[in-house]
There are 2 protein chains.
Amino acid sequence: MVKRGMLIVLSGPSGVGKGTVRKALFNEPDVDFQYSISMTTRKPRDGEKNGVDYFFVSKEEFEEKIKNGEMLEYAKYVDNYYGTPLEYVNQTLDSGRDVFLEIEVNGAMQVRANSPEGVFVFLTPPDLLELRNRLIGRGTDEMDVINKRIHTAVGEIKMMRNYDYAVLNDKVENAVTNIKNIVRSERLKVTRVMPDYLSMLGDED
Amino acid sequence: MVKRGMLIVLSGPSGVGKGTVRKALFNEPDVDFQYSISMTTRKPRDGEKNGVDYFFVSKEEFEEKIKNGEMLEYAKYVDNYYGTPLEYVNQTLDSGRDVFLEIEVNGAMQVRANSPEGVFVFLTPPDLLELRNRLIGRGTDEMDVINKRIHTAVGEIKMMRNYDYAVLNDKVENAVTNIKNIVRSERLKVTRVMPDYLSMLGDED
């Protein structure tokens, strides 16, 4: 029996740079996990290819998939659906390959509910680190703006709660290195490898 | 307030090469955690230095420390005590530095009981991987020897249960790289970093 792959989920607040980090990650020569392409009902933009950037489908097809329980997670933004088809993810995991999803926070929480054994990585906005300095360095006339931004930031950070790791997106290459390290060390988790060792020795306990 | 450091414990079956891996690890230029030197009542061997290889103390001193609850863990082998003094570990953790212990499995379980938030790494003997091949490749006249070795191996692997990670000691440099990766990604655990982010933003919830 092939050992089932590991599900890796990258998520984070809107605008944090998830797509940029994901693209840089998959440009690395030693990345050996599979990117799961999302499905959407929005029209392809210039240069976007079906089956590369997204699977582009009609609203009817997408809603049919939701109805049949064929989406691992999905959401609707401004009249368009975005989501992850379940079949591809399951087939890839069953073949023993690790699968990587880059999705919005609501979607990540749907995946967490169904696949708690996955590895959930939260990408943290770099400008949070500068907020405190700005607070100190600037005049009081901007306090309203600052307080609003702080409030948003606290809300974003609290989204971390349901993730395993927080990776700061200060530089794309740092985030990529950290995500690669996380995947490598998750593969060494005793809960993942002990059954392999025991079955190798002929002990199924 | 300084954030308390992380406790990293390297352990594994007797003879697996823990000491060799630990020495190679601390020869790396980028290792920034602190090795906690063990205490023992055995006599120094040629070239061993007090405060470098071990803290060498008398049996009476060691037993006094046990009595006063000043040992994080300890064991007795062939009439000699070996253990980890609690004070040094706590002072270093309180200063914000991560502390690395290289200890026997019984000691590691004592530490796990007291410090469940530590990172526990089990070093796995490389020859386990060859056992199955040997089983297939050799004649039945050696079955008794092989079965005994398998039995021991299964027992060793089952020790993994109470650890977080299993690192195969196939090559010392691989084990060192994996341990460094584990420490790096453990530092990104949400449970460890979320309080920092929130307190940075002035939110103590």
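Residues numbered from 1 in each chain as written. Chains lettered and ligands numbered in written order. Predicted model: local features only at pLDDT ≥ 70, side-chain atom pairs only at ≥ 80, totals over all residues. Heavy atoms only, no water.

Identification of chain A as Guanylate kinase from Nicoliella spurrieriana is taken from an unreviewed UniProt entry. In its Catalytic activity (unreviewed entry) section, the UniProt record describing chain A reads: "GMP + ATP = GDP + ADP". Recorded in UniProt for chain A, the comment headed Subcellular location (unreviewed entry) runs: "Cytoplasm". (UniProt positions renumbered as here; feature names shortened; annotations may be inferred.)

**Topic: the interface of chain B and chain A**
Facing 34 residues of chain B, the contacting portion of chain A comprises 34 residues. Between chain B and chain A lies a buried interface of about 3200 Å² when both sides are counted; carbon and sulfur atoms form 70% of it. On the chain B side of the contact with chain A, B:Leu188, B:Tyr197 and B:Leu201 bury the most area, a combined 20% of that side's loss. The interface formed by chain B and chain A includes zero salt bridges. Counting only elements with at least two residues in the side of chain B that touches chain A, the list comes to helix H5 (128–137), helix H6 (143–158), strand E9 (165–168), helix H7 (172–186) and helix H8 (190–200) of chain B. No other element matches the six residues that H8(B) contributes to the side of chain B that touches chain A. (Contact = heavy atoms within 4.5 Å. Buried area = accessible area lost by both parts, 1.4 Å probe. Salt bridge = Lys/Arg side-chain N within 4 Å of Asp/Glu carboxyl O. Helix = DSSP H or I, 4+ residues; strand = E, 2+ residues; numbered from the N terminus.)

**Remarks on the sheet that holds strand E8 (residues 119–124) of chain B**
Sheets are built from strands that pair by backbone hydrogen bonding, the pairs being arranged parallel or antiparallel. With parallel pairing, the five strands of this open sheet are ordered in space as E2-E7-E1-E8-E9 (chain B). Looking at the sheet topology across the chains shown, the edges are occupied by strand E2 (34–35) and E9 of chain B. Strand direction decides the pairing type here: E2(B) and strand E7 (residues 99–102) of chain B, joined by two bridges, are parallel. Paired with B:Gln34 across the strands is B:Val99, a residue of E7(B). The strands that helix H8 (residues 190–200) of chain A touches are E8 and E9 of chain B; relative to E9(B), the one it contacts most, it runs at about 55°. (Pairing = 2+ DSSP bridges. Axes fitted to C-alpha atoms, helices over the stretch in contact; angles between N-to-C directions.)

**Some points on the pairing of strand E1 (residues 7–11) of chain B**
Consecutive side chains along a regular strand alternate between the two faces of the sheet. Residue and element names in this part refer to chain B. The element E1 is extensively covered by neighbouring structure, given that five of its five residues are classed as buried. Because side chains alternate across E1, one face comprises the buried residues Leu7, Val9 and Ser11, and the other comprises Ile8 and Leu10, equally buried. Summarising the sheet, E1 and E7 pair through four bridges and their orientation is parallel. Residue pairing across strands places isoleucine 8 opposite phenylalanine 100, the latter belonging to E7. Where E1 meets E8, four bridges bridge the pair, whose relative direction is parallel. Note on E8: the bridge partner recorded for serine 11 is phenylalanine 122. (Buried < 20%, exposed > 50% of the residue type's maximum accessible area, 1.4 Å probe, protein only.)

**Side note on the packing of H8(A) against H6(B)**
The interhelical angle for the contact between H8(A) and H6(B), taken along N-to-C directions, is 175°, at an axis separation of 10 Å. It follows that H8(A) is roughly antiparallel to H6(B) by the angle criterion. Seen from H8(A), the contacting residues are A:Met194, A:Tyr197 and A:Leu198; seen from H6(B), they are B:Val154, B:Ile157 and B:Lys158. Partitioned by chemical class, the residues of the contact of H8(A) with H6(B) number five nonpolar, no polar and one charged. (Parallel < 35°, antiparallel > 145°, perpendicular 65-115°, else oblique. Nonpolar A, V, L, I, M, F, W, Y, C, P; charged D, E, K, R; others polar.)

**Digging into the UniProt feature "binding site: ATP" (unreviewed entry) in chain A**
All names here are of chain A. According to UniProt, the "binding site: ATP" (unreviewed entry) feature falls on Gly12, Pro13, Ser14, Gly15, Val16, Gly17, Lys18 and Gly19. Turning to its location among the elements, glycine 12 is positioned in the loop between strand E1 (7–11) and helix H1 (18–26). Those residues within four positions of glycine 12 in sequence are excluded, and the remaining contacts are Lys18, Ile103, Val105, Phe122 and Leu123. Mapping glycine 15 onto the fold places it in the loop between E1 and H1.

**Focus on the relation of the copies chain B and chain A**
Note on the identical chains: chain B maps onto chain A by a rotation of 180° and an axial translation of 0.0 Å, with an RMSD of 0.0 Å. Both copies are brought into coincidence by an operation consistent with a two-fold rotation axis. In terms of proximity to the rotation axis, the leading residue of chain B is B:Asn181, whose C-alpha is 2.8 Å off the axis. The residues that chain B uses at the interface reappear at the interface of chain A in 100% of cases, marking a shared surface. (Least-squares fit on C-alpha atoms with pLDDT ≥ 70 in both.)

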